[in-house]
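Commentary on secondary and tertiary structure
In case you want the letters, here they are:
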Amino acid sequence: MDIIEQFKKQLQGLDVSPETEEVGEVTEVKDGVVKISGLKGVENFEMVEFDEAGVMGLVLNLEEYEVGAVILGSDKNIKEGTTVKRTKKVFSVPVGEGLLGRVVDPLGRPLDGKGEIKAKEHLPLERKGPSVIERQAVTKPLHTGIKMIDALIPIGRGQRELIIGDRGLGKTAIALDAIINQKNEKNRPYCIYVACGQKKAKVRRLIATLEKEGAMEYTTVVCAFPDDPASFVFLAPFAGATIGEYFRDNKQDALVVYDDLTRQAWAWREISLILRRPPGREAYPGDVFYLHSRLLERAAMMSDEMGGGSLTALPVIETQAGDISGYIPTNVISITDGQIFLDSTLFRKEQKPAINIGTSVSRVGSSAQMKATKKVAGRLKLDLAQFQELERFSEFTEELDPQTKKTIERGKRMRMLLRQPDLAPLPIEKEVIVIFTGANSDIEEVPMDKIKEFETEVVRMVELEKPEIMKEIRDTGDMSDASKNAVLEVIKKIKKGYGA
Amino acid sequence: MKPEKEVSSWARALYLAIEENPGKSKDIFANLKESLGKKEFLLSSILKKVERICMKEKRAELSLPYDISEKEKKEIKDKIKEVVKGIEKVDDVLDESLLAGFRLKTKDVLVKASLKDVLTKLKNKIYGYN
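Owing to the predicted nature of the structure, the values given are computational and were not obtained by experimental measurement. (Residues numbered from 1 in each chain as written. Chains lettered and ligands numbered in written order. Predicted model: local features only at pLDDT ≥ 70, side-chain atom pairs only at ≥ 80, totals over all residues.)

Some points on the interface of chain A and chain B
Contact with chain A, which involves 14 residues of that partner, is made by 14 residues of chain B. The leading source of residues in the side of chain A that touches chain B is strand β1 (residues 19-30) of chain A, at five residues. The residue makeup of the side of chain A that touches chain B, split by class, is six nonpolar, three polar and five charged. Alignment of β1(A) against strand β4 (residues 109-114) of chain B, held across four bridges, turns out to be antiparallel. Bridge assignment links Glu19(A) to a residue of β4(B), and that residue is Lys112(B). (Contact = placed C-beta atoms within 7 Å. Helix = DSSP H or I, 4+ residues; strand = E, 2+ residues; numbered from the N terminus. Nonpolar A, V, L, I, M, F, W, Y, C, P; charged D, E, K, R; others polar. Pairing = 2+ DSSP bridges.)

Overview of the domain arrangement of chain A
All names here are of chain A. On domain assignment, one finds that chain A holds domain 1 (3-90), domain 2 (94-369) and domain 3 (374-496). Relative to domain 2, the C-alpha centre of domain 1 lies at a distance of 31 Å. If you look at the interface, domain 1 gives 13 residues, while domain 2 gives nine residues. Of all the secondary-structure elements, those providing two or more residues to the side of domain 1 that touches domain 2 are β4 (55-62) and β5 (66-72). If one sorts the elements of the side of domain 1 that touches domain 2 by residue count, β5 sits on top with four residues. For the side of domain 1 that touches domain 2, the class distribution of residues is eight nonpolar, three polar and two charged. (Domains from an automatic or database assignment.)

Some words on the pairing of strand β15 (residues 338-342) of chain A
Across a regular strand the side chains alternate sides, sitting on one face of the sheet and then on the other. Residue and element names in this part refer to chain A. Most of β15 sits inside the fold, with four of its five residues counted as buried. With four bridges joining them, strand β10 (residues 162-165) and β15 adopt parallel strand pairing. Of the residues in β15, the one forming a bridge with Ile 163 is Ile 340. Here β15 runs beside strand β16 (residues 361-362); their pairing, made up of two bridges, is antiparallel. Directly across from Gln 339, in β16, lies its bridge partner Val 361. (Buried ≥ 20, exposed ≤ 12 C-beta atoms within 10 Å, placed from the backbone.)

Focus on the packing of helix α1 (residues 3-20) of chain B against helix α3 (residues 43-57) of chain B
Residues and elements named next belong to chain B. Interhelical geometry of α1 versus α3 gives an angle of 60 degrees and a closest axis separation of 8 Å. For the element pair α1 / α3, the angle class is oblique. In this structure, α1 crosses over α3, and the sense of that crossing is right-handed. Two secondary-structure elements touch here, α1 through Val 7, Ser 8, Trp 10, Ala 11, Arg 12, Leu 14 and Tyr 15 and α3 through Ser 45, Ile 46, Lys 49, Val 50, Ile 53 and Cys 54. When its residues are assigned to classes, the contact of α1 with α3 shows nine nonpolar, two polar and two charged. (Axes fitted to C-alpha atoms, helices over the stretch in contact; angles between N-to-C directions. Parallel < 35°, antiparallel > 145°, perpendicular 65-115°, else oblique. Left-handed = near helix turned anticlockwise from the far one by under 90°.)

Here we look at the sheet that holds β16(A)
Residues and elements named next belong to chain A. Taken together, the eight strands give an open sheet; going across it, the order is β8-β12-β11-β13-β14-β10-β15-β16, and neighbouring strands pair in mixed fashion. Single-partner strands in this sheet number two, and they are β8 (103-104) and β16. Bridge analysis of β10 against strand β14 (residues 310-318) gives three bridges, and the strand direction is parallel. Paired with Gly 165 across the bridge in β14 is Glu 318. Across the face of the sheet, helix α3 (residues 171-181) comes into contact with β10, β11 (190-196), β12 (219-224), β13 (253-259), β14 and β15 while running at roughly 165 degrees to β13. Strand contacts of helix α8 (residues 327-335): β10, β14 and β15, with the helix running at about 160 degrees to β14, the strand carrying the most contacts.

Focus on unusual backbone geometry
Asp259(A) connects to Asp260(A) through a cis peptide bond whose omega is 0 degrees. Topologically, Asp260(A) is positioned in the loop between β13 and α6 (261-274). Note the cis peptide between Lys352(A) and Pro353(A), where omega equals 0 degrees. When you line up the elements, Pro353(A) lands in the loop between α9 (344-348) and β16. Even without glycine at this site, Glu282(A) takes up a positive phi of about 50 degrees. Tracing the chain through its elements places Glu282(A) in the loop between α6 and α7 (288-296). Glu282(A) gets classed as exposed once you count the C-beta atoms within 10 Å, which come to 11. Not every positive phi belongs to a glycine, and Leu99(B) is a case in point at roughly 70 degrees. With respect to the secondary-structure elements, Leu99(B) resides in the loop between β2 (89-94) and β3 (101-105). According to the C-beta neighbour criterion, Leu99(B) is partly exposed, with 14 such atoms within 10 Å.

So, in structure tokens, the structure goes:
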């Protein structure tokens, strides 16, 4: 086609008559927040454009004579008197498959130098969570590849499970393992990792790990760094939720990690104080609960009529000195469907992941577990709780009856079996075999220092000699009695090599 | 309330009251003085602020791509005052980047009628920018 014709086609319907725009003027600039006079018809959460500064803003406060907005970028070129234009658009981000494997900022702009993001659709950042009718109960499991979580604190698709603990106890590692493990899953969910106020070096390491493990191809990383404006840190989790919602609404599954929401609350506190909103407890604004509840309510398992997609949320909260009774931790605990609590005492005892089974819970429970896991892990939590109680008691006495001694020895080995290094998530069929071994064979007969070796050997032998059992667990999600007996036979054989 | 916030609020109220009742400015000032009571010392700041608000509200800025004669300018400015309500002062600015046409900016509205704006529209349409 002739180039002139092409231009003509492209320019068809273009109105070149003069147009009017609603404008205002900046009256005050303060730490990434501006006050604007004018803009009479502006709406809340509308984007505004700062003329000549090449930066956008987001309207958050509508006052009688002024408008408060956060600057989405550098405030270097914004000064008193700068003209601000309405865009008549709400804040939206690009969504879709084009974002997979990419690292973006909360505005959806690429940060990885891999060129423009090809997204056909844009969705608004602030959306209401699905209604009660549009949801269904959480029943499909989302395996993290961490034995302790999948057996004792199971997570379902569409669930919101909080990861909470002090700094440096492995909160991000759990989230990262959960993302990496999805490559082993049958209906693999798309993953979104939201680095909210995390250090650049840490995020760089995390992306390198995801790339090395081959998890980046189904993952999007949304980054807001500590040196970005507070508005970026505040908006990053919403951007992550919107990207995940696209998959949820298109009959697919998605997993979103918000790492971490404490920093988002800090950013919102900063913005609110500059906007002169009344401070409440710990100087947080009154709507800090709403900030997190409206974000986490967007995670859901959709009904079959709505396509059956899901968005699972793993929010992370950092505590100070293990205090889970702080303002933000209690808020998020009450919003989510359970929490994984990481304990510094356990961490010091080399228990990794340092999950405190007593304070961790999944309110969805075994309904989000596959049959095989449910069968083998049924009594595990009770047995471990009993062991912990007896272990504490045994510290005060030397005389123990043989049954108590056996329970303690067994518990110690079980605890050892549940230990797992970072970045080594296990496929679910292997997890089932390990937990079955711990729960159904007399592992107290195996020497304590050989228990990890024993675990590896059992998994290896079942994989080699009985691959059909692994396949059965993987395909049907169940383990027949015949398979159980076969595994017991293998265990018996191996145990002989350990002097049992 | 902080003094600057208080001055702002009083100034805005005074401006609106005078705008709505232009014949009663004497009564309005008397009322204001009475209402301020012990804070009468704020009066001068309030009046300065009102002056600034008037300047902003009643001022328009006309951007032109080239210089025109004073007579032509006067004709255009008179026309603007006639068409746009409440405008008392029109400042003219030379902006060669407009190429042709003009831009008129009041406190709340920007009228874009320059060749630069038309070309920007064309560019955005071709690139598919929204």
